[in-house]
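Okay, here's what each chain looks like letter by letter:
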Amino acid sequence: MTLNEMQVAFQTDASILGDYQLMSKTELANGYCDADEKALAYKISGDKDKETEQEILRSAYYSALMLRYWYKIFEWYKNSYTLNLPITDYVDWLSDSLYVAFYYRVWRYKFEAVVKKGIFKEYKLDENGNKIPNKYYYEVDQNAPDKIINRCCGSMRGRVFQFHNKDKRKADTQTYSLDAILEEDGDYAINYIGAYSKDEKTFLGGAYSLVQMLLDRGENLEALIVHSIANYQNYKKEKEIKTIKTISEETGEEIKQKEITIKSKFDSKKLVKHLNSIDEDFIFHFCDNYKINDNIGNKILNSLKNLSNAKLYKVIEKTLEEIKQTPDLLACII
């Protein structure tokens, strides 16, 4: 299907709701959750007809939300051009982003809750055993669903970039260890290592483990730096021309040939620019991804904002040197 055909299909499905374009994002998001939860209840009770009715409604709300965030497809297509993906692939990005948002449904509960696959498990409790008020509850913040969905969209791009970078490394004829990159021309970089699990929507493997280990050691800013290196475009492409000598099969004489290779090289300037752009939304996702307290996230953000660019460069260099000199950390990625 073409992008236009996909859009028309979503429009047809969403039309079941009537004037869905007049509904707010919060109404659409809660409508989806209501229909989803009712469908599950009817399934458990064995009422197939009503289950089907709610499933049709659930699909319509989903389609309406796909259309409401359709502009994201063109944003991704523009700022992710290096992936060379067809524009229709970004429809999957959007669909997966909504999946993650509805998996946790952060805005649905008055108190912070543990939700998996859209099903409520339990309330989170503070150190005194009390429920924790949810600042993202939709009655407290009417724009909460939109904020959560936008965060999921933002994180999706980073996750897919890591996935494709991993595939690209597999296809490459030359692999680089962290140690080799650290020594190359005085530049520093973390290998892009990790895997992507569509079911759990989380990173596995070296980079994730390394960030988690740094967090466990209380090196929170360093963990954020490694996460940023592993998941965002912090490298530049450089052309390298070499002259190699070979023997002509026809004449047996020595001939010189030029060999051109394109290398991706870590660019600390891009990393610093990215770190300077980090805001509360980014930190929210970072905390959620690594299951750390929001208070720690706020401290990381405050520390980051209080550092000058000169100090940021030093922290980056110190972080990568520490990894190189610490066997436990280095073992995560080589």
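Right, let's walk through the structure included here. (Residues numbered from 1 in each chain as written. Predicted model: local features only at pLDDT ≥ 70, side-chain atom pairs only at ≥ 80, totals over all residues. Heavy atoms only, no water.)

With 42 residues, the main nonpolar core has Met-66, Trp-70, Val-91, Trp-93, Phe-102 and Trp-107 as its most contacted residues. Broken down by secondary-structure element, the contributors of at least two residues to this core are helix 1 (3–14), helix 2 (25–45), helix 3 (48–68), helix 4 (71–79), helix 5 (89–104) and helix 6 (144–171). For this core, the element with the most residues is helix 5, which contributes eight residues. Non-local contacts of Trp-93, meaning those with residues more than four positions away in its chain, are made with Trp-76, Ser-80, Leu-83, Leu-85, Met-156, Arg-157 and Val-160. In terms of nonpolar packing, the next biggest core, distinct from the first, is built from 33 residues, Leu-215, Val-226, Tyr-232 and Ile-292 among them. (Core = buried A, V, L, I, M, F, W, Y, C linked by side-chain atoms within 4.5 Å. Buried < 20%, exposed > 50% of the residue type's maximum accessible area, 1.4 Å probe, protein only. Helix = DSSP H or I, 4+ residues; strand = E, 2+ residues; numbered from the N terminus. Contact = heavy atoms within 4.5 Å.)

This next bit is on the pattern of salt bridges. This model, assessed by the stated rule, comprises 14 salt bridges. Two residues, Asp-36 and Arg-58, come together in a salt bridge whose shortest N-O distance is 3.7 Å. One end of the pair, Asp-36, is in helix 2; the other, Arg-58, is in helix 3, with 22 residues separating them in the sequence. By relative accessible area, Asp-36 is classed as buried at 17%. Note that Arg-217 is salt-bridged to Glu-219, the shortest N-O span being 2.7 Å. (Salt bridge = Lys/Arg side-chain N within 4 Å of Asp/Glu carboxyl O.)

Glancing now at the side chain of Glu-222. Its location among the elements puts Glu-222 in helix 9 (residues 220–231). Of note is the side chain of Glu-222, whose polar atom sits 3.3 Å from the side chain of Lys-318. Leave out the neighbours within four places in its chain, and Glu-222 touches Leu-214, Lys-318 and Thr-319. (Polar contact = N/O pair within 3.5 Å; in protein donor to acceptor, adjacent residues only side chain to side chain.)

Between helix 11 (residues 280–290) and helix 12 (residues 294–305), whose axes approach to 9 Å, the crossing angle comes to 135°. Here helix 12 runs oblique to helix 11, going by the angle between their axes. Seen along the crossing, helix 11 lies across helix 12 with a hand that is right-handed. Contact residues: helix 11 offers Glu-280, Ile-283, Phe-286 and Cys-287, while helix 12 offers Asp-294, Gly-297, Asn-298, Ile-300 and Leu-301. Here the residues of the contact of helix 11 with helix 12 are counted per class, giving five nonpolar, two polar and two charged. (Axes fitted to C-alpha atoms, helices over the stretch in contact; angles between N-to-C directions. Parallel < 35°, antiparallel > 145°, perpendicular 65-115°, else oblique. Left-handed = near helix turned anticlockwise from the far one by under 90°. Nonpolar A, V, L, I, M, F, W, Y, C, P; charged D, E, K, R; others polar.)

Before going further, it helps to examine the environment of Leu-57. Position of Leu-57 among the secondary structure elements: in helix 3. According to the relative accessible area criterion, Leu-57 is partly exposed, its value standing at 29%. For the pair Leu-57 and Ala-39, spaced 18 residues apart in sequence, the C-alpha to C-alpha distance is 9.4 Å. Those residues within four positions of Leu-57 in sequence are excluded, and the remaining contacts are Leu-17 and Ala-35.

Moving on: unusual backbone geometry. For Lys-117, which is not a glycine, the phi torsion comes out positive at approximately 55°. With respect to the secondary-structure elements, Lys-117 resides in the loop between strand 1 (113–116) and strand 2 (119–123). Residue Lys-117 is classed as exposed on the basis of its relative accessible area of 60%.

With that settled, consider the packing of helix 2 against helix 3. Direction vectors running N to C along helix 2 and helix 3 enclose 155°, while the axes themselves pass 8 Å from each other. By the angle between their directions, the pair helix 2 and helix 3 is classed as roughly antiparallel. When the axes of helix 2 and helix 3 are compared, the crossing they make is left-handed. Residue-level inspection shows Lys-25, Glu-27, Leu-28, Ala-29, Gly-31, Tyr-32, Ala-35, Asp-36, Lys-38, Ala-39, Tyr-42 and Lys-43 of helix 2 in contact with helix 3, the latter providing Lys-50, Glu-51, Gln-54, Glu-55, Leu-57, Arg-58, Tyr-61, Tyr-62, Ala-64, Leu-65 and Arg-68. Of the residues in the contact of helix 2 with helix 3, the class split is 11 nonpolar, two polar and 10 charged.

Right, let's get into the side chain of Asn-134. Considering the arrangement of structural elements, one finds Asn-134 in the loop between strand 2 and helix 6. For Asn-134, the side chain forms a polar contact with the main-chain oxygen of Tyr-109, separated by 2.8 Å. Beyond its immediate sequence surroundings of up to four residues, Asn-134 is in contact with Val-106, Trp-107, Tyr-109, Lys-110, Phe-111, Glu-112 and Val-140.

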